[in-house]
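So the chains spell out like this:
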Amino acid sequence: MSETVIQVEGLGKRYRVGERERYLALRDVLTRVFTSPLRRNRRPVDFLWALRNINFNISRGEIVGLIGRNGAGKSTLLKILARITHPTEGSADLEGRVGSLLEVGTGFHPELTGRENVYLSGAILGMRKREIARKFDEIVSFAEVERFLDTPLKHYSSGMQMRLAFAVAAHLEPEILLVDEVLAVGDLQFQKKCLGKMGDVAKTGRTIVFVSHQMTQIRRLCEHVFWLDGGQIRRGGRTGELIAAYETEMMSGSAKSQGDNFEIFIGWELGSSGNILKDGLREVTFYFTVNPPEPIRRGYFGFHIHNDASVLVASWGFDGLNMEPGVQQIRVTLPQLPLRPGTYSILTSLFNGGNNLTGKMLEIWNGIPFLAVDTLPLCHPEDAWAGILNLPAQLDCAGFKESITVQQIAGPIRGSRTD
């Protein structure tokens, strides 16, 4: 069995709403005890449970993502794991040294230089001076701040501070690394560099808990995900399926139909897999359940797929459709649908007596649920260059062959010489 390094049981954190928490001396506590029966017209106290009844285990070497809306409790949970704040109830047991990167500049002093802050942050993380010195050149090189090493930190940009803070936390060999939504400060190149470093850290048997609102980063890095909602764990499980469910709910509020009040489109599915596409390189069949209120002659059926940026990625139109009234299915079969992993919206339309220009519109329907593509990424590792399609590729050059396959995606891609 794998070794558990993070064990959380019945964890809860409560905050008082509307009042600043004061630090009281002993005389203040005694005064409050003796005078409390004499107080009248006491205002009711309002409390907010930021976390409630949190339970989970994380094994050594796992990369686990935390997702959820703003205010779901993700950052509060990381602060409890990092021992920055104490829980109101329950317990969180961690085995090993913990490194955390929760906010830009945490553990740094603005008046100290970059060099001095590396030693300060390392000492806060529990490292010895000799250990920091051994890793110092590697930290500075990774952060790309060699030129400004002896400049006070207050003159650094937020991106430079983040690079230095991440470099310290990642290189000083913590057994557990906690990372909040800080990579959003860096540019795309440094984000890729950080994700690669976190992957290398995990391969050495260390554990990473990663919070991000960028689902592409979660997909590429994390093996398992916990979905927090309202301070509680709503679901936990495999990354692809859980992110698909999360993105579907986040996008479902915008789905509306256009046309008559009578709803013709009832739903759609991909057979036994529901709304989740698990292999885009094989034949795919969409099943649309419809209930036309009238006979359709020489009708038109339109089928369109948009990505999460509302960009049209695929579209089909079918003329000459004949249907009788009543509940029935329309099947659309595609030889392949090699889309990038993510969540896509479906738009369908049905016309009678002609196409979408000449016929009578019966309904234009925003499909529910959304299409979730849960496949391994085969495209370019940088989102800016990944495009729309998710296709395998092979390169040949003078006896050297390099292939992008499902097995090679998890690690570095290496060429193999062929005879």
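None of the values given here were measured: they were computed from a predicted structure.

## Focus on the overall build of the protein chain
The secondary structure content of the protein chain amounts to nine helices and 22 strands. In the protein chain, of all internal contacts separated by at least 6 residues, the share reaching a separation of at least 24 is 72%. Carbon and sulfur atoms provide 49% of the accessible area of the protein chain, an area that totals close to 22,900 Å².

## Looking at the environment of Ala-133
For Ala-133, the position within the fold is in helix H4 (residues 129-143). The exposure class of Ala-133 is partly exposed, given its relative accessible area of 41%. C-alpha separation for the pair Ala-133 and Val-118, spaced 15 residues apart in sequence, amounts to 9.5 Å.

## Details of helix H5 (residues 158-171)
The end-to-end C-alpha separation of H5 is 20 Å, in line with the 20 Å expected for 14 residues at 1.5 Å each. The buried fraction of H5 amounts to 13 of the 14 residues, a majority that puts the element mostly inside the structure. Of the residues trailing H5, Glu-173 is marked for its positive phi of about 55 degrees.

## As for the confidence of the model for the protein chain
Of all residues in the protein chain, 84% have pLDDT values of 70 or greater, and the mean over the chain is 82. Under a pLDDT of 50 for its full length, residues 253-257 has, in the predicted model, seven contacts with residues more than four places off or in other chains. This stretch, residues 406-419, has a pLDDT under 50; its non-local contacts, to residues over four places away or in other chains, come to 22 contacts.

## So, the sheet that holds strand E4 (residues 89-94)
Ordered in space as E2-E1-E4, the three strands form an open sheet in which the pairing is antiparallel. Of all the strands in the sheet, just strand E2 (47-59) and E4 have a single pairing partner and so form its edges. Taken pair by pair, the neighbouring strands of this sheet meet at an average axis angle of 20 degrees, ignoring direction. Where strand E1 (residues 4-16) meets E4, five bridges bridge the pair, whose relative direction is antiparallel. Note that in E4 the partner of Glu-9 across the bridge is Ser-91. Contacts from helix H2 (residues 74-81) reach E1, E2 and E4 within the one sheet, and its direction differs from that of E1 by about 120 degrees.

## Describing the packing of H4 against H5
Closest axis-to-axis distance for the H4/H5 pair is 8 Å, and the angle between their directions is 140 degrees. Comparing the axis directions of H4 and H5 gives the class oblique. Where H4 crosses over H5, the handedness of that crossing is right-handed. Here Lys-135, Glu-138, Ile-139, Phe-142 and Ala-143 of H4 lie close against H5, whose contacting residues are Arg-163, Leu-164, Phe-166, Ala-167, Val-168 and His-171. When grouped by side-chain class, the residues that make up the contact of H4 with H5 number seven nonpolar, one polar and three charged.

## Let's talk about the nonpolar core
Ranked by size, the top nonpolar core spans 46 residues in total, and within it Ile-67, Leu-164, Met-198, Ile-208, Phe-210 and Ile-218 carry the most contacts. Top element by residues in this core is H5. It accounts for nine residues. By size, the runner-up hydrophobic cluster in this structure holds 27 residues, among which are Leu-270, Phe-286, Leu-371 and Val-373.

## Re the sheet that holds strand E5 (residues 98-101)
Judged by pairing direction, the sheet is mixed, and its six strands sit side by side in the order E5-E6-E7-E3-E8-E9 without closing on themselves. The open sheet has two edge strands, E5 and strand E9 (232-238), and neither has a second partner. Across the sheet, the axes of successive neighbouring strands diverge by a mean angle of 15 degrees, strand direction being ignored. Here H2 sits on the sheet and contacts strand E3 (63-67), strand E6 (176-179), strand E7 (207-211) and strand E8 (224-229); the angle it forms with E3, its principal contact strand, is near 140 degrees.

## With respect to the packing of aromatic side chains
If you walk through the whole model with that rule in mind, you get 14 aromatic pairs. Relative to Phe-303, the ring of Phe-286 lies with its centre 5.0 Å away and its plane at 65 degrees, an arrangement referred to as edge-to-face. Of this pair, Phe-286 sits in strand E13 (residues 284-290) while Phe-303 sits in strand E14 (residues 296-306); the two residues are 17 residues apart in sequence, bridging distant segments of the chain. Considered together, Phe-286 and Phe-303 belong to a single accessibility category, that of buried residues.

## Focus: a nonpolar patch on the surface
On the surface, a nonpolar cluster with roughly 520 Å² of combined accessible area is contributed by Leu-26, Val-29, Leu-30, Val-33 and Phe-34. Mapped onto the elements, Phe-34 comes out in helix H1 (residues 26-35). The class of Phe-34 is exposed, set by a relative accessible area of 65%.

Reading the values: the criteria
- Residues numbered from 1 in each chain as written.
- Predicted model: local features only at pLDDT ≥ 70, side-chain atom pairs only at ≥ 80, totals over all residues.
- Heavy atoms only, no water.
- Helix = DSSP H or I, 4+ residues; strand = E, 2+ residues; numbered from the N terminus.
- Contact = heavy atoms within 4.5 Å.
- Areas by Shrake-Rupley, 256 points an atom, 1.4 Å probe, with all protein chains shown as cover.
- Buried < 20%, exposed > 50% of the residue type's maximum accessible area, 1.4 Å probe, protein only.
- Expected span 1.5 Å × (residues − 1).
- pLDDT = per-residue confidence, 0-100.
- Pairing = 2+ DSSP bridges.
- Axes fitted to C-alpha atoms, helices over the stretch in contact; angles between N-to-C directions.
- Parallel < 35°, antiparallel > 145°, perpendicular 65-115°, else oblique.
- Left-handed = near helix turned anticlockwise from the far one by under 90°.
- Nonpolar A, V, L, I, M, F, W, Y, C, P; charged D, E, K, R; others polar.
- Core = buried A, V, L, I, M, F, W, Y, C linked by side-chain atoms within 4.5 Å.
- Phe/Tyr/Trp six-rings, centres within 6.5 Å; stacked < 30°, edge-to-face > 60°.
- Patch = residues over 30% accessible without salt bridge, like charges linked within 9 Å, V, L, I, M, F, W, Y side chains within 5 Å.
- Salt bridge = Lys/Arg side-chain N within 4 Å of Asp/Glu carboxyl O.

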